[in-house]
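Chain by chain, the residues:
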Amino acid sequence: HLLSSCVLVLLVGHIKMASTGPAMLKWAQAASRGFAAAASGGPGRKVAILGAAGGIGQPLSMLMKMNAQVSELSLYDIAGTPGVAADVSHINTKAQAKGFDKEGLAEALRGCDLVIIPAGVPRKPGMTRDDLFKINAGIVRDLVEGVGKHCPGAVLNIISNPVNSTVPIAAEQLKKMGVYDKRKVMGVTTLDVVRAKTFYAEKNGLDVASVDVPVVGGHAGVTILPLFSQATPKVSMAADVLDALTKRTQEGGTEVVQAKAGKGSATLSMAYAAALFADSCLRGLNGTPVVECTYVESTITDAPFFASKVKLSTEGVDKVYDLGSLSDYEKEGLKAMMPELLASIEKGVQFIKSA
């Protein structure tokens, strides 16, 4: 599965096979499992990253430049973007990178197939997601308004936190403009999946490349619910171990914020996860359906937006899957998350309706 591929294999597609020995050949063959090697024969896509000069945006720009499905890469931020674009443009892959700042949003977006939004401020020690909301809500609204004007048919990948609220903000803004398509607005929760797989594999001595763990709900604290009962390979864990793994997945972001001691949040792992999810969206657009977890408009629970497995296809979200069989522990987790998730969604909706 592409979520278990290592970013390092992305580089392999650009090494000349004729000059490799047996070890290098084996490494190069592994590239077929990496997202840079995927669907290289499909149509090239224009991808925009809004917030490209930030802590997530810069490594994400590099990773998307390395994706063989990308032919044009538009990098937008309020400052510093031409430098990021010049830097990544030297990478010897086919995507043509251009940088835009301040007044260049329209040109950056025009003709885009996929728009990724990591823009906004990162979380710092002591900062709540409510603090983030006050700053990032307006940023997301304004950028999504640009998408609605200049590329209303694009698939939207929203990273800006708090995702539980910013995705409803995006949906309401597009509704206000008459261009909302629920199949194309997605909150990126892939980092929760990446963390759950990593922690589960480490704890149980498994090869992480063979592990899959669905993660449902939202993208903040208790609203993140890893379904370890549905993990593969299946490992029976004691109740205290299961609880500890669940809580570590839920607080993975805080773990990084504290470890960076006020100097940032999860940027590298988030960029990796965002690149994986963007790749899946591009595969879907290019006719190869992919199943991923993402936060979308949904009717599978009482929450109008919810993260679960979906099928990504040529028009974005083709199908939203139900939760399947849950353990008693997971049923309690689902019940516990709902008040916070519903409140976060309503907060995002009201931000646009009251504007």
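To be clear, the structure that these remarks concern was listed above.
The structure reproduced in this document is the subject of the present report.

Conventions adopted
- Residues numbered from 1 in each chain as written.
- Predicted model: local features only at pLDDT ≥ 70, side-chain atom pairs only at ≥ 80, totals over all residues.
- Heavy atoms only, no water.
- Helix = DSSP H or I, 4+ residues; strand = E, 2+ residues; numbered from the N terminus.
- Contact = heavy atoms within 4.5 Å.
- Areas by Shrake-Rupley, 256 points an atom, 1.4 Å probe, with all protein chains shown as cover.
- Salt bridge = Lys/Arg side-chain N within 4 Å of Asp/Glu carboxyl O.
- Buried < 20%, exposed > 50% of the residue type's maximum accessible area, 1.4 Å probe, protein only.
- Core = buried A, V, L, I, M, F, W, Y, C linked by side-chain atoms within 4.5 Å.
- Axes fitted to C-alpha atoms, helices over the stretch in contact; angles between N-to-C directions.
- Left-handed = near helix turned anticlockwise from the far one by under 90°.
- Nonpolar A, V, L, I, M, F, W, Y, C, P; charged D, E, K, R; others polar.

What follows covers the overall build of the protein. Secondary structure summary: the protein contains 11 helices and 11 strands in total. Intrachain contacts of the protein at a sequence separation of at least 6 include 71% that bridge at least 24 residues. For the protein, the exposed surface amounts to about 14,900 Å²; the carbon and sulfur share of it is 55%.

The final tally for this structure, using the stated rule, is 12 salt bridges. For Glu145, the salt bridge identified is with Lys149, shortest N-O distance 3.7 Å. Residue Glu145 and its partner Lys149 are located together in helix H5 (residues 129-150), separated by 4 residues, close to a single helical turn. For Lys149, a relative accessible area of 54% translates into the label exposed.

The omega angle of the peptide bond from Asn161 to Pro162 is 0°, so this bond is cis rather than trans. Of note, Pro162 is situated in the loop between strand S5 (155-158) and helix H6 (163-177). A cis amide bond, omega -10°, links Thr232 with the succeeding residue Pro233. Phi at Lys102 takes a positive value of approximately 50°, unusual for a residue other than glycine. By the secondary structure assignment, Lys102 is in the loop between strand S3 (96-101) and helix H4 (105-109). Phi at Ala261 takes a positive value of approximately 50°, unusual for a residue other than glycine. Tracing the backbone shows Ala261 in the loop between helix H9 (252-259) and helix H10 (268-285). Taking relative accessible area as the criterion, Ala261 reaches 58% and is therefore assigned exposed.

Let's shift gears to the nonpolar core. Grouped together as the largest cluster of nonpolar side chains are 45 residues, with contacts concentrated most on Leu50, Val115 and Phe306. When residues of this core are traced back to their parent elements, those giving at least two are strand S1 (45-50), H4, strand S4 (114-117), H5, S5, H6, strand S10 (305-313) and helix H11 (328-353). The dominant element in this core, judged by the number of residues it contributes, is H11, at 7 residues. Val47, Val84, Met270 and Val317 belong to the second-largest nonpolar core, a separate cluster that totals 41 residues.

Okay, the packing of helix H2 (residues 57-65) against H10 next. It is the contact of H2 with H10, at a shortest axis distance of 8 Å, that shows an interaxial angle of 35°. For H2 against H10, the interelement crossing comes out right-handed. Taking contact as the criterion, the partners of Pro59, Leu60, Leu63 and Met64 in H2 are, on H10, Leu268, Ala271, Tyr272, Ala274, Ala275, Ala278 and Leu282. The residue inventory of the contact of H2 with H10, partitioned by class, reads 11 nonpolar, no polar and no charged.

Packed helices, taken two at a time, are described by their axes: the angle between them and the distance between them. The N-to-C vectors of H6 and H11 enclose an angle of 35°; their axes lie 8 Å apart at closest approach. Considering the relative orientation of H6 and H11, their crossing is right-handed. Between H6, through Asn164, Ser165, Pro168, Ile169, Glu172, Gln173 and Lys176, and H11, the contact on the second element is made entirely by Leu341, Ser344, Ile345, Lys347, Gly348, Val349, Phe351, Ile352 and Lys353. Considered class by class, the residues forming the contact of H6 with H11 number 7 nonpolar, 5 polar and 4 charged.

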